[in-house]
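Residues per chain are reported as follows:
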Amino acid sequence: QISKPYDPLVVRQRIGSLLKRTKHYVHTNPLTGLPGNPDIEYVIRRKIQNLEKFAVAYIDIDYFKSYNDAYGWLAGDNVLRRTSEIILDVIERNCEVDSFIGHLGGDDFIAVVLPERAEELAQAIITKFDRRIPEVYPPSDRKRGYIIQRDRQGNLYCFPLLSISIAICTNRHQELVHPGQVAQIGLELKEHIKTKLGSNYIIDRRKAPS
């Protein structure tokens, strides 16, 4: 049996406590209540213009489509709400006041934090996700460690349980001049990290050429 979703009131309270200092964010995702793409771009652009040091963590749920196909969209929505609450809880408890969390859409989230805290926060999100997310599976699938589902070609395939990949880009060692540049680096990092099994994070340590 799939675990029931979190109490929507609890989720709203957590989101409200994190975002009450950023009331101008109005493009929110209807499922999670987190700021959407226009506000995400605004925050990154503002930090670039203000010459701030920052890190952007692109957070992606692995094997979400296979889970959604197997258990239905209501169960999938539950996973997205749980993931948003996990990220909110970690950032709220461990991060500085000027942090930002957004929902890019689907199973993609984003967190903007201080660069010196990024790896610590990524590991904390992974730890909490891996501890909590097995609750969304029936006991039989959880014990087996994978689900059997047809892939896009209609072939039966064993899909691993949900994991999470976090790709971190930062201007700590290289100049970032545009939100599109940040997004492109994040995409490249995600393509690399998602080739690994299980929950992982990667941080871009490349330095600008001298």
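Residues numbered from 1 in each chain as written. Predicted model: local features only at pLDDT ≥ 70, side-chain atom pairs only at ≥ 80, totals over all residues. Heavy atoms only, no water.

Participant: Even after reading the chapter, I still don't get unusual backbone geometry, so can you show me in this structure?
Facilitator: Glycine aside, the phi torsion of most residues is negative, and most peptide linkages are trans. A positive phi is found at leucine 51, a non-glycine position, where the angle reads about 60 degrees. Inspection of the secondary structure assignment puts leucine 51 in the loop between helix H2 (37–49) and strand E1 (55–62). Classification of leucine 51 as exposed rests on a relative accessible area of 74%. Although it is not a glycine, tyrosine 63 sits at a positive phi angle of roughly 65 degrees. Structurally, the position occupied by tyrosine 63 is in the loop between E1 and helix H3 (64–71). (Helix = DSSP H or I, 4+ residues; strand = E, 2+ residues; numbered from the N terminus. Buried < 20%, exposed > 50% of the residue type's maximum accessible area, 1.4 Å probe, protein only.)

Participant: Even after reading the chapter, I still don't get the packing of aromatic side chains, so can you show me in this structure?
Facilitator: The relative placement of two aromatic rings is captured by the distance of their centres and the angle of their planes. All chains considered together, the criterion is met by four aromatic pairs. Between tyrosine 67 and tyrosine 71 the ring centres are 4.6 Å apart and the planes differ by 55 degrees, which places this aromatic pair in the tilted class. Here the residue tyrosine 67 and the residue tyrosine 71 both occupy positions in helix H3, the gap between them amounting to four residues, near one helical turn. For tyrosine 71, a relative accessible area of 22% corresponds to the partly exposed category. Ring centres 5.2 Å apart and planes at 85 degrees place the aromatic pair tyrosine 67 and tyrosine 137 in the edge-to-face group. Of this pair, tyrosine 67 sits in helix H3 while tyrosine 137 sits in the loop between helix H5 (118–132) and helix H6 (139–144), and the two are 70 residues apart along the sequence. (Phe/Tyr/Trp six-rings, centres within 6.5 Å; stacked < 30°, edge-to-face > 60°.)

Participant: How should I be thinking about the sheet that holds strand E2 (residues 100–105) in this particular structure?
Facilitator: Sheet strands associate in pairs through backbone hydrogen bonding, adopting either a parallel or an antiparallel arrangement. The five strands are arranged E2-E3-E1-E6-E7 in an open sheet whose pairing can be described as mixed. With one partner strand each, in any of the chains shown, E2 and strand E7 (200–203) form the two edges of the open sheet. Averaged over neighbouring strand pairs, the angle between their axes works out to 20 degrees when direction is ignored. Of the strand pairs in this sheet, E2 and strand E3 (residues 108–113) are connected by five bridges, and their pairing is antiparallel. Bridged to isoleucine 101 within E3 is alanine 111. Of the strands in this sheet, E1, E2, E3 and strand E6 (163–170) are in contact with helix H4 (residues 73–94), which crosses E3 at around 10 degrees. Docked against the sheet, H5 engages E1, E3, E6 and E7, running at close to 170 degrees with respect to E6. (Pairing = 2+ DSSP bridges. Axes fitted to C-alpha atoms, helices over the stretch in contact; angles between N-to-C directions. Contact = heavy atoms within 4.5 Å.)

Participant: Looking at this structure, I do not really get the nonpolar core. What am I missing?
Facilitator: Nonpolar side chains in soluble globular proteins tend to be buried together. Formed by 36 residues in total, the largest nonpolar core has its most connected members in Ile59, Ile61, Val79, Ile125, Leu162, Ile166 and Ile168. Residue assignment for this core shows that the elements contributing at least two residues are E1, H3, H4, E3, H5 and E6. When sequence neighbours within four positions are dropped, the list of residues in contact with valine 79 reads Ile61, Phe64, Tyr67, Ile133, Val136 and Leu162. Ranked by size, the runner-up nonpolar core spans 18 residues in total, among them Val56, Tyr58, Ile110 and Val182. (Core = buried A, V, L, I, M, F, W, Y, C linked by side-chain atoms within 4.5 Å.)

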